[in-house]
Amino acid sequence: MALSATGQATWQSIMDMTERMRMFSDQQEWEKLVSLAAERQTRLEKFFNSSVITAGDEVSKIAEGIKRILAQDRLMMAAGIKLKAEIGDALHSMTNNRKAIQQYEGCKR
């Protein structure tokens, strides 16, 4: 039994979602990325719970797609980690600036 037309369309939509998620990551549209990631996860679960994949070409296509999904997810995670570090550095700098201002103002008295 080969993957149905509906199964093929579902798989293509999952791959399209992955590409859109990468775009949202590049644009730092984090809320959109998280929302789409949840939807993609639901579709992935439904796909693997309901689809029967037996044809060799389909197995190869799905395996390659999974590799692409994992690679894209790693890139998005790296972007999120980098942004988190940048925000942490900025907060640290602001805290140091605030302390310096407080010390300066304490010296003026």
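As the structure is a prediction and not an experimental result, all values here were calculated from the model.

## What to know about the overall build of the protein chain
Part 1 of the reasoning: In terms of helices and strands, the protein chain carries 3 helices and 0 strands.
Part 2 of the reasoning: For the protein chain, the sequential pattern of α-helices and β-strands runs α-α-α.
Part 3 of the reasoning: Taking 2.2 N^0.38 as the reference for a compact globule, 109 residues should give roughly 13 Å; the C-alpha atoms of the protein chain span a radius of gyration of 22 Å, well beyond that estimate.
Part 4 of the reasoning: Per-residue burial for the protein chain yields a buried fraction of 21% across its 109 residues.
Part 5 of the reasoning: Accessible area of the protein chain: about 7,900 Å², with a carbon and sulfur share of 57%.
Part 6 of the reasoning: Side-chain charges in the protein chain split into 16 positive and 14 negative, and the spacing between the mean points of these groups amounts to 7 Å.

## So, the confidence of the model for the protein chain
Low-pLDDT stretches of the model should not have their predicted coordinates read in fine detail.
Part 1 of the reasoning: Residues of the protein chain with pLDDT of at least 70 account for 93%, and the chain-wide mean is 86.
Part 2 of the reasoning: Per-element mean pLDDT across the protein chain ranges from 85 in helix α3 (residues 56–108) up to 92 in helix α1 (residues 5–26).

## A look at the environment of Met77
Part 1 of the reasoning: Note on placement: Met77 falls in helix α3.
Part 2 of the reasoning: Here Met77 falls in the exposed class, since its relative accessible area comes to 56%.
Part 3 of the reasoning: Along the backbone, Met77 and Gly56 are 21 residues apart, and their C-alpha atoms lie at a distance of 31 Å.

Rules used throughout
- Residues numbered from 1 in each chain as written.
- Predicted model: local features only at pLDDT ≥ 70, side-chain atom pairs only at ≥ 80, totals over all residues.
- Heavy atoms only, no water.
- Helix = DSSP H or I, 4+ residues; strand = E, 2+ residues; numbered from the N terminus.
- Rg over C-alpha atoms; globule rule 2.2 N^0.38 Å.
- Buried < 20%, exposed > 50% of the residue type's maximum accessible area, 1.4 Å probe, protein only.
- Areas by Shrake-Rupley, 256 points an atom, 1.4 Å probe, with all protein chains shown as cover.
- Lys, Arg positive; Asp, Glu negative; His and termini not counted.
- Charge placed at Lys NZ, Arg CZ, Asp CG, Glu CD.
- pLDDT = per-residue confidence, 0-100.

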